[in-house]
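These are the residues of each chain, in order.
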Amino acid sequence: PKVEPKVEAPKEPEELETDAPEKKGKKISSVAMNAQDGTVDVIVGANGILSGLQSDLFSATCKGIRASHGVKSGRYFFETRILEWGLSGRAQGRRCRVGVSIADSSHHLGQPCCTDSVSFDCDGRVHVGGKTQISAFGLKKVRPTFDVGDTVAVLINVQPDSANANTVSLFRNGLRVTAPIPLPEGMVGKPVFPHVSYAMCSLAVNLGPTARAKLPFTVPMLVGAAQKDLVESTCKRQVTAKLVVPVGLPENGFFDWADNFKLENPDYVEVSSRAIVDWLQASGSTPFRVTGGSIERPVVVGGGNDVQGLGLNDGSARKSVLDAAVRLGRNVVVADLTDNLQKQFRVDAVQRSRSHESVAVVVVGEPVDKIKERAREVIRAEKRRQHQMRQNAKKQAWSKRKQVKKQKKDAAKAKKQAEKARLERVAALKEQAAKRAEEMRKKVEAIKAKKQEQAGEGAEAAVGDAPEKKADEAKEPAKESKPVTPVEAEDPESESEPEPADEPFEDDTDYSNVWYLKRQSVDATQDTITQNFSKFSAPDESEGFAELRYEWASKEQARDKINAFVVEKQKFEKLNVTPSPWFHEQLKLWNTAMAEWRKAAAASSAANRGATEDDEDEPEIWGVEDVKDCGNGKPLFKCFQKEDWALLQLRFEFHLLIHAFERSVGKERPGIHPTVMHHYYNMFFKKPFTPAQYGQKSFADLVLLLADTVSVRDEDGCTEAGHPGETPLETFVKLTEEARRERIARIEAGDESARLKFSDQATRQPTPGFPHLGKGSNFGAGALAAGRGKGLGKGVMFQRGHVQPMTAFAKRPAFPPTMAPMAKVFKGAGKGMH
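Computed from a predicted model, the values in this text were never measured in an experiment.

A word on the overall build of the protein chain
Reasoning step 1: When you go through the protein chain residue by residue, the secondary structure sums to 18 helices and 28 strands.
Reasoning step 2: The proportion of buried residues among the 834 residues of the protein chain is 42%.
Reasoning step 3: Partitioning the contacts of the protein chain with sequence separation of at least 6, the portion at a separation of at least 24 is 73%.
Reasoning step 4: Summed over its atoms, the accessible surface of the protein chain is roughly 46900 Å², and 52% of this surface lies on carbon and sulfur atoms.

Put into structure tokens, the structure is as follows:
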């Protein structure tokens, strides 16, 4: 048998790196993992051992840390080993990534936020520029995974004259497991720092000088590297670390300042809920999403107990981060808007950071130019992005139209070709039929000729030959010409449409009034502000700050703006106010006087019933001493209609409410704002109030009816009483009579808009203590609950909890069996009670 030649298996490519020549000059003897350039939950131990905090919040976070030196030229490597995995039940959160990044980039390797990095995951994934590429650079039959006990080495090659310049490679236990991976464009030419990111495990990072697993070629580690090839990180432990507490107002550029401060000071740790949420999202161990809320308090949904128990809502997470940062001696900026406006939280932050130099920065007022310019540049960049999106949309639409036209053109061309082929087939069939007919004719003629010869009719046949031949020739069918398909003119729409040209970006917006960046979320929710604004204040020397810095306005201006903000918010606050004894005393006097006036009005009406109106002049209002008798025993309010009584009641109630509120809360508050008048009216008088009851659309319209008693101040928009608190009660009767006469005069002059259109609810006279009972159900002196007094009067009874006329139940028992318990309650209510 024939022997097949042996096919050798393909060999793995030979090592791509060569031995590095020994470099002369000064060497660096100390390179370590830099605790100042990492997350606050990293614990750096002896001999390069890394672990992390695991309590509460830090059990769900991913740790990240860079080395103290980066490589700017040459070839160097470092090693990493996983010592052990954590015992947490969240096994899916275990992670270990090794790689490189540039200074000031994110500490979270492999995440979209860490664009200037290359890293290798323990599960075999490769992350380049924040994008994951599963085994895209692995060698054949080799997956770049590693676990406990494996020693992985990352080779950094930034040697300009090397064939693999600006690449990194991964080795496991001394053997290459990935091809050289090019650095992202943003990293080329910049110092590259060793970087590890891990969760639920402990590591050992070896930066040199002796390798644990030798590589196939000779190359030095970072410890012992040439001094000219390495650059030291700017993140260093300060002799005295700083705590910065910015103080600003909502929607006035607080987070613009915080973002700009972080850009200028990347070594500072931001302590805020938004920074913690970003950290948890970058960690990826606990899935959740942010839905609404505010910038300072994002609302987190999902993640189960793993997220809900991390202390994001009660502030314990922020305190944990602050304590961890202080322990590491890190510079800290506390970017919490609401807490920083309150003295108690500022003092607490200073007390927790006694080892730090505390600085309060007040950012209130018109921001400095760099803040304005940054906000404007962000707006311009967004407009530029939207412009580019519109350009891309136009090109996509053009490309789609072009494709549709091409499809139509191809379909028309195919249709023409099909029609041409059909006509050619028809012509061929016709030609074949003509040939067959000609052949048949010739056969028939041959048969006839043969018969004629046999019959001896040669002479006759010769004579008839010529005409017969001519006849036969005449019978021959004319040759059909092949059909020619007409050439159609090309559709003008099928002509190629030119590709849309790129339009230059133009922005003629006037940005002179743009101070802050407009964000999708509010700085703080209204509920948060309402709950805390009464405690807002500017920082002072007594709080323990080493320095008070006012960056946007002077000290006096900043304090005035904060105080003005508090006063403005006080106008809309709905306080839980308890009416004072003075209020109850004044209301009791008013109810007594009101009952007497209505009784006098009823008596006057009964005495003058049926009498003709006389022509006597109406008395001068402000000259009347007794409103119950202004002459001839007639009261000043003799002509009051139900609308006048309602306005009289409302005048006094607003007058009393404004003065009682001021007595209860103090004069430091501006007063009652019209938008919350209904709240305090209901709280003081125990009954609802709406302007619609009095035929008005808003409280401002209602004030026009009561302009002699209440008004709205122009400076702050709050209500103000027109008379002192101890104003005689008769004054309100006189004001009402004066307004009535003016209204009548306007109506008689033809002004129909002066007519009042009150609802029945507004004109009903409620009983004090029983606001749901209407006219005719007054309980005289009536302590019904106490079982004394004259009761409801004749002809009135209680039926199922309501006051009803007795005539409706004349034939029924006073108390049905179901009302027996209520009969005991009303026992002793007085005569006329059934």
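Structure shown, so let's carry the discussion forward.
Side note on the packing of aromatic side chains
Reasoning step 1: Overall, the coordinates contain 26 aromatic pairs when judged by the stated rule.
Reasoning step 2: Seen in terms of ring centroids, Tyr516 and Trp552 are 6.5 Å apart; in terms of plane orientation they differ by 25°. Their pairing is stacked. Of this pair, Tyr516 sits in the loop between helix 9 (465–475) and helix 10 (526–532) while Trp552 sits in the loop between strand 24 (547–550) and helix 11 (555–570), placing them 36 residues apart in sequence.
Reasoning step 3: Residue classification places Trp552 among the buried residues on the basis of a relative accessible area of 8%.
Reasoning step 4: With a centroid separation of 6.2 Å and 45° between ring planes, the pair formed by Phe689 and Tyr694 is classed as tilted. Like Phe689, the residue Tyr694 is buried in the burial classification.
Reasoning step 5: Following the ring pairs from residue to residue traces out a cluster consisting of Phe583, Phe654, Tyr681, Phe684, Phe685, Phe689, Tyr694, Phe699 and Phe758.

What about the packing of helix 2 (residues 273–283) against helix 4 (residues 316–327)?
When two helices pack together, their arrangement is given by the angle between their axes and by how far apart the axes lie.
Reasoning step 1: Two numbers describe how helix 2 lies on helix 4: the axes approach to 10 Å, and their chain directions differ by 85°. With respect to each other, helix 2 and helix 4 are oriented roughly perpendicular. Between helix 2, through Ser273, Ile276 and Trp279, and helix 4, the contact on the second element is made entirely by Ala317, Arg318 and Val321.
Reasoning step 2: Taken together, the residues of the contact of helix 2 with helix 4 sort by class into four nonpolar, one polar and one charged.

A look at the side chain of Thr39
Reasoning step 1: Tracing the backbone through its elements, the reader meets Thr39 in the loop between strand 1 (33–38) and strand 2 (42–44).
Reasoning step 2: A polar atom in the side chain of Thr39 sits 2.6 Å from the side chain of Asp41.
Reasoning step 3: Discounting residues that sit within four places of it in the chain, Thr39 has contacts with Cys62, Lys63, Gly64, His107, His108, Trp279, Leu328 and Arg330.

Points about the packing of helix 12 (residues 581–607) against helix 13 (residues 642–665)
Reasoning step 1: Relative orientation of the contacting elements helix 12 and helix 13 amounts to 170°, with a least axis distance of 11 Å. Relative to helix 13, helix 12 is oriented roughly antiparallel. Side by side, helix 12 and helix 13 meet where Trp582, Phe583, Gln586, Leu587, Trp590, Met594, Trp597, Arg598 and Ala601 of the first sit next to Trp645, Leu648, Gln649, Phe652, Leu656, His659, Ala660 and Arg663 of the second.
Reasoning step 2: Grouping the constituent residues of the contact of helix 12 with helix 13 by class yields 12 nonpolar, three polar and two charged.

Side note on helix 11
Reasoning step 1: With 16 residues, helix 11 should cover 22 Å at 1.5 Å per step; its first-to-last C-alpha distance of 23 Å lies within 8% of that length.
Reasoning step 2: If you check which residues of helix 11 are buried, you get Ala558, Ile562, Phe565, Val566 and Gln570. Mapping the buried residues of helix 11 onto a view down its axis gives an arc of 140°, with all of them on the same face.
Reasoning step 3: Check the buried side of helix 11 and you find it contacts strand 18 (242–247), strand 23 (357–362), helix 10 and strand 24.

A look at the state of the cysteines
Reasoning step 1: Per the counting criterion, the structure on display carries zero disulfides.
Reasoning step 2: Not part of a disulfide, Cys96 finds its nearest cysteine sulfur in Cys201, a span of 5.0 Å.
Reasoning step 3: With a relative accessible area of 8%, Cys201 lands in the buried category.

Observations regarding the sheet that holds strand 23
Strands belonging to one sheet form pairs held by backbone hydrogen bonds; the direction of such a pair is parallel or antiparallel.
Reasoning step 1: Overall, parallel pairing links the five strands, which are arranged 19-22-18-23-24 in an open sheet. Sheet topology places strand 19 (269–271) and strand 24 at the edges, where each strand pairs with a single neighbour. The average angle at which neighbouring strand axes cross in this sheet is 20°, direction not considered.
Reasoning step 2: In this sheet, strand 22 (residues 332–334) lies alongside strand 19 in parallel orientation, the contact comprising three bridges. From the neighbouring strand, Glu270 faces strand 22, where its bridge partner is Val333.

Thresholds applied
- Residues numbered from 1 in each chain as written.
- Predicted model: local features only at pLDDT ≥ 70, side-chain atom pairs only at ≥ 80, totals over all residues.
- Heavy atoms only, no water.
- Helix = DSSP H or I, 4+ residues; strand = E, 2+ residues; numbered from the N terminus.
- Buried < 20%, exposed > 50% of the residue type's maximum accessible area, 1.4 Å probe, protein only.
- Contact = heavy atoms within 4.5 Å.
- Areas by Shrake-Rupley, 256 points an atom, 1.4 Å probe, with all protein chains shown as cover.
- Phe/Tyr/Trp six-rings, centres within 6.5 Å; stacked < 30°, edge-to-face > 60°.
- Axes fitted to C-alpha atoms, helices over the stretch in contact; angles between N-to-C directions.
- Parallel < 35°, antiparallel > 145°, perpendicular 65-115°, else oblique.
- Nonpolar A, V, L, I, M, F, W, Y, C, P; charged D, E, K, R; others polar.
- Polar contact = N/O pair within 3.5 Å; in protein donor to acceptor, adjacent residues only side chain to side chain.
- Expected span 1.5 Å × (residues − 1).
- Arc of directions from axis to C-beta.
- Disulfide = S-S within 2.5 Å.
- Pairing = 2+ DSSP bridges.

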